[in-house]
Number of protein chains: 2
Amino acid sequence: MSDAIDLAEKLRQFDDLWSPRVIAEMNDVQFKLAKIRGTFVWHDHAETDEVFFVVNGSMAIEFRDRAPVRLQAGQLFVVPKGVEHRPVAEEECHILLVEPRGVVNTGAADSELQAENDVWI
Amino acid sequence: MSDAIDLAEKLRQFDDLWSPRVIAEMNDVQFKLAKIRGTFVWHDHAETDEVFFVVNGSMAIEFRDRAPVRLQAGQLFVVPKGVEHRPVAEEECHILLVEPRGVVNTGAADSELQAENDVWI
């Protein structure tokens, strides 16, 4: 077994945006840190819900048919599976994503923002 | 879909110790807030890993065969399935547990600390 996993210490280990890093796994569920800024691509995850938890800063999650969900540090939101969404952050924001192993950040969308998957720090 | 889930706001809704409240669900995985103080009962979860994330305060997780893992706010730890452990907090500590729906807080241990399961706030 490893030691405590410190989110702030892990966040200091990378700077690139929209590139989730895995920091822990519970059964087949991964905990991934990401730094985001700007507007992501519209996408969905057909097979799974996805949790966004804001660690530092603030962000919004836009949807096709409802008002955006605005999230600040200490707040989380579960995007249901199959629901198209688009994360947006005006300033750099640090988030913890929780979702099953194997989820691609851009879903099935064809985007240059697709990140390498399953990268641990 | 609901709105953002605010951990601090949810924590203001209950005061009892060692009684996890469900605040969100991702697929079959539940996110539960708990307030703890004192020493829990030795137990394990035979079927699943369990994530402890400290929101406020500090705690330790004791093990039978290794040094305790000490956790502060912003730190998490994954207790592997089947590993006996005992949470301890000298001062009141607020934690977010992440584990599959149906996990009983005391595992198979016979304890008066067993909490009602699946209680949402």
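Rules used throughout
- Residues numbered from 1 in each chain as written.
- Chains lettered and ligands numbered in written order.
- Predicted model: local features only at pLDDT ≥ 70, side-chain atom pairs only at ≥ 80, totals over all residues.
- Heavy atoms only, no water.
- Helix = DSSP H or I, 4+ residues; strand = E, 2+ residues; numbered from the N terminus.
- Rg over C-alpha atoms; globule rule 2.2 N^0.38 Å.
- Buried < 20%, exposed > 50% of the residue type's maximum accessible area, 1.4 Å probe, protein only.
- Contact = heavy atoms within 4.5 Å.
- Areas by Shrake-Rupley, 256 points an atom, 1.4 Å probe, with all protein chains shown as cover.
- Lys, Arg positive; Asp, Glu negative; His and termini not counted.
- Charge placed at Lys NZ, Arg CZ, Asp CG, Glu CD.
- Buried area = accessible area lost by both parts, 1.4 Å probe.
- Salt bridge = Lys/Arg side-chain N within 4 Å of Asp/Glu carboxyl O.
- Nonpolar A, V, L, I, M, F, W, Y, C, P; charged D, E, K, R; others polar.
- Core = buried A, V, L, I, M, F, W, Y, C linked by side-chain atoms within 4.5 Å.
- Pairing = 2+ DSSP bridges.
- Least-squares fit on C-alpha atoms with pLDDT ≥ 70 in both.

Once that is clear, we can look at the overall build of chain A. The secondary structure content of chain A amounts to one helix and eight strands. What you see in chain A, going N to C, is helices and strands ordered as β-α-β-β-β-β-β-β-β. Scaling as 2.2 N^0.38, a compact globule of 121 residues should have a C-alpha radius of gyration of about 14 Å, and chain A matches this with 13 Å. Along the longest, intermediate and shortest principal axes, the C-alpha atoms of chain A span 45 × 30 × 25 Å. Relative to its full complement of 121 residues, chain A shows a buried share of 51%. Relative to all contacts within chain A whose residues are 6 or more apart in sequence, the contacts with residues 24 or more apart total 66%. Within the structure as shown, chain A displays about 5,600 Å² of accessible surface, and the carbon and sulfur contribution to it stands at 43%. The distance from the centre of the 12 positive side-chain charges to the centre of the 22 negative ones in chain A is 3 Å.

On to the interface of chain B and chain A. Counting residues at the interface gives 34 residues for chain B, matched by 34 residues for chain A. Taken over both partners, the interface formed by chain B and chain A buries close to 2,600 Å², and the fraction arising from carbon and sulfur atoms is 67%. For the pair chain B and chain A, the number of links is two salt bridges. With a closest N to O distance of 3.2 Å, Arg66 of chain A and Asp3 of chain B form a salt bridge. Counting only elements with at least two residues in the side of chain B that touches chain A, the list comes to strand E1 (5-6), strand E2 (21-26), strand E3 (29-39), strand E4 (50-56), strand E6 (69-72), strand E7 (75-79) and strand E8 (85-100) of chain B. Among the residues forming the side of chain B that touches chain A, the class breakdown is 21 nonpolar, five polar and eight charged.

Our next topic: the environment of Glu91 of chain A. All names here are of chain A. Secondary-structure assignment places Glu91 in strand E8 (residues 85-100). In this structure the C-alpha to C-alpha distance between Glu91 and Glu116, which are 25 residues apart in sequence, comes to 23 Å. Filtering out sequence-adjacent residues up to four positions away, Glu91 remains in contact with Ile36, Arg37 and Ser58.

What follows deals with the nonpolar core. Counting residues in each nonpolar core, the largest one holds 34 residues, and the members touching the most others are Ile23, Phe31 and Leu96 of chain A together with Ile23 and Phe31 of chain B. Filtering out sequence-adjacent residues up to four positions away, Leu96 of chain A remains in contact with Leu7, Ile23, Phe31, Lys32, Leu33, Val51, Phe52, Phe53 and Val55 of chain A. Counting 19 residues, the second-largest nonpolar core is a separate cluster that includes Ile36, Val69, Cys93 and Leu97 of chain B.

Residue and element names in this part refer to chain B. Across the two faces of E6 the burial differs, with Val69 and Leu71 buried and Arg70 and Gln72 not buried at all. Alignment of strand E5 (residues 58-63) against E6, held across four bridges, turns out to be antiparallel. Bridged to Ser58 within E6 is Gln72. Between the antiparallel neighbours E5 and E6 lie five residues.

Rotating chain B by 180° and moving it 0.0 Å along the rotation axis overlays it on chain A with an RMSD of 0.0 Å. The relationship between the two copies is best expressed as a two-fold rotation axis. The rotation axis passes nearest to the C-alpha of Val29 of chain B in chain B, at a distance of 4.4 Å. The share of interface residues of chain B whose copies in chain A are also at the interface is 100%, consistent with both copies meeting through the same surface.

Glancing now at the side chain of Thr106 of chain B. Examined against the element boundaries, Thr106 of chain B turns out to sit in the segment after E8. Given the relative accessible area of 0%, Thr106 of chain B is considered buried.

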